[in-house]
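The primary structure of each chain is shown beneath.
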Amino acid sequence: QVQLVESGGGLVQAGGSLRLSCVASGRTFSSYTMAWFRQAPGKEREFVAAITYGGSRTYYADSVKGRFTISRDNAKNTVYLQMNSLKPEDTAVYGCAAKFGVVFLTTAQAMGASYDFWGQGTQVTVSS
């Protein structure tokens with residue numbers, strides 16, 4: 001069992017930055033590909049980014065490419081999402097997810113995969 005706890009959300013003006021963190025319990029964090037998703041009110045959950053268990057490959061939704069960066073520190077059992085140039089449409093609850101031992105070949109695979117564990121999420125609000 002892996003527990004995921006997100007932090008770092010908040011209120012920021014358009015054009016600003018935030019860094020989200022997701023800390024995982026357990027000793028096998030380095031075996032999990034990690035992802036960030038988001039869900040805005042009244043909308044379906046949306047893939048944001050993912051990173052393989054070794055950190056060698058990353059995947060991004062087109063809507064955040066060039067603005068967001070996913071990274072991980074396996075020694076700290078933590079995955080990060082650096083969000084720059086934030087827009088009001090980025091407002092959502094952001095959550096992390098973990099999938100054991102997989103390397104996706106494409107971003108589409110990362111988007112559509114069934115993840116094993118999910119966190120509760122952290123609210124990000126971008127004001128115009």
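Here, every reference points to the structure presented above.
Presented here is a report on the structure given in the accompanying data block. (Residues numbered from 1 in each chain as written. Predicted model: local features only at pLDDT ≥ 70, side-chain atom pairs only at ≥ 80, totals over all residues. Heavy atoms only, no water.)

## Some points on the overall build of the protein chain
Point 1. A count of helices and strands for the protein chain gives one helix and eleven strands.
Point 2. In sequence order, the secondary structure elements of the protein chain are arranged as β-β-β-β-β-β-β-β-β-α-β-β.
Point 3. The C-alpha radius of gyration computed for the protein chain amounts to 13 Å, which stays within 12% of the reference 14 Å derived for 128 residues, consistent with globular compactness.
Point 4. In the protein chain, which comprises 128 residues, the share counted as buried stands at 44%. (Helix = DSSP H or I, 4+ residues; strand = E, 2+ residues; numbered from the N terminus. Rg over C-alpha atoms; globule rule 2.2 N^0.38 Å. Buried < 20%, exposed > 50% of the residue type's maximum accessible area, 1.4 Å probe, protein only.)

## Side note on the nonpolar core
Point 1. Among the nonpolar cores identified, the biggest contains 40 residues, and Trp36, Leu81 and Tyr94 are the most heavily contacted of them.
Point 2. Among the elements of the structure, strand S3 (18-24), strand S4 (32-39), strand S5 (46-51), strand S6 (58-60), strand S7 (68-73), strand S8 (78-83), strand S9 (92-100) and strand S11 (122-127) are those that each provide at least two residues to this core. (Core = buried A, V, L, I, M, F, W, Y, C linked by side-chain atoms within 4.5 Å.)

## Topic: unusual backbone geometry
Point 1. Residues other than glycine seldom take positive phi values, yet Asn77 does so here, at roughly 55°.
Point 2. Structurally, Asn77 can be placed in the loop between S7 and S8.

## Some remarks on the pattern of salt bridges
One side chain can pair with another of opposite charge once the charged atoms of both are near each other.
Point 1. Applying the stated criterion across every chain yields a total of four salt bridges.
Point 2. For Asp62, the salt bridge is made with Lys65, and the minimal N-O distance between the two is 3.2 Å.
Point 3. Looking at Lys65, the relative accessible area reads 49%, which means it is partly exposed. (Salt bridge = Lys/Arg side-chain N within 4 Å of Asp/Glu carboxyl O.)

## Observations regarding the state of the cysteines
Note on terminology: disulfide describes a covalent bond linking the sulfur atoms of two cysteines.
Point 1. In this structure the tally under the stated criterion is one disulfide.
Point 2. Note on cysteine connectivity: Cys22 is disulfide-linked to Cys96, with sulfurs 2.0 Å apart. Its S-S torsion of about 55° marks the bond between Cys22 and Cys96 as right-handed, since a negative value means left-handed. In this pair, Cys22 is assigned in strand S3 and Cys96 in strand S9, connecting sequence segments 74 residues apart. Side by side, Cys22 and Cys96 carry an identical accessibility label, which is buried. (Disulfide = S-S within 2.5 Å.)

## Structural notes on the environment of Ser56
Point 1. Take Ser56: it is sitting in the loop between S5 and S6.
Point 2. Residues Ser56 and Asn74 lie 18 residues apart in sequence; the distance between their C-alpha atoms is 12 Å.

## Describing the packing of aromatic side chains
Point 1. Tallying each qualifying case throughout the model produces eight aromatic pairs.
Point 2. Arranged with centres 5.6 Å apart and planes meeting at 80°, the rings of Phe37 and Phe47 form a pair that is edge-to-face. Separated by ten residues along the polypeptide, Phe37 in strand S4 and Phe47 in strand S5 bring together distant segments of the chain. This pair shows no difference in class: Phe37 is buried, exactly as Phe47 is.
Point 3. Linked through ring pairs, Phe37, Phe47, Tyr59, Phe104, Tyr115 and Trp118 together constitute an aromatic cluster.
Point 4. For the cation-ring pair, Arg72 lies above Phe29, with the distance from its terminal atom to the ring centre recorded as 4.4 Å. (Phe/Tyr/Trp six-rings, centres within 6.5 Å; stacked < 30°, edge-to-face > 60°. Lys NZ or Arg CZ within 6 Å of the ring centre and 35° of its normal.)

## Here's the deal with the sheet that holds strand S1 (residues 4-7)
Point 1. Strands sit in the order S1-S3-S8-S7 across an open sheet of four strands; the sheet is antiparallel. The open sheet terminates on both sides in strands that have one partner only, identified here as S1 and S7. Taken pair by pair, the neighbouring strands of this sheet meet at an average axis angle of 15°, ignoring direction.
Point 2. With four bridges joining them, S1 and S3 adopt antiparallel strand pairing. Paired with Val5 across the bridge in S3 is Val23. (Pairing = 2+ DSSP bridges. Axes fitted to C-alpha atoms, helices over the stretch in contact; angles between N-to-C directions.)

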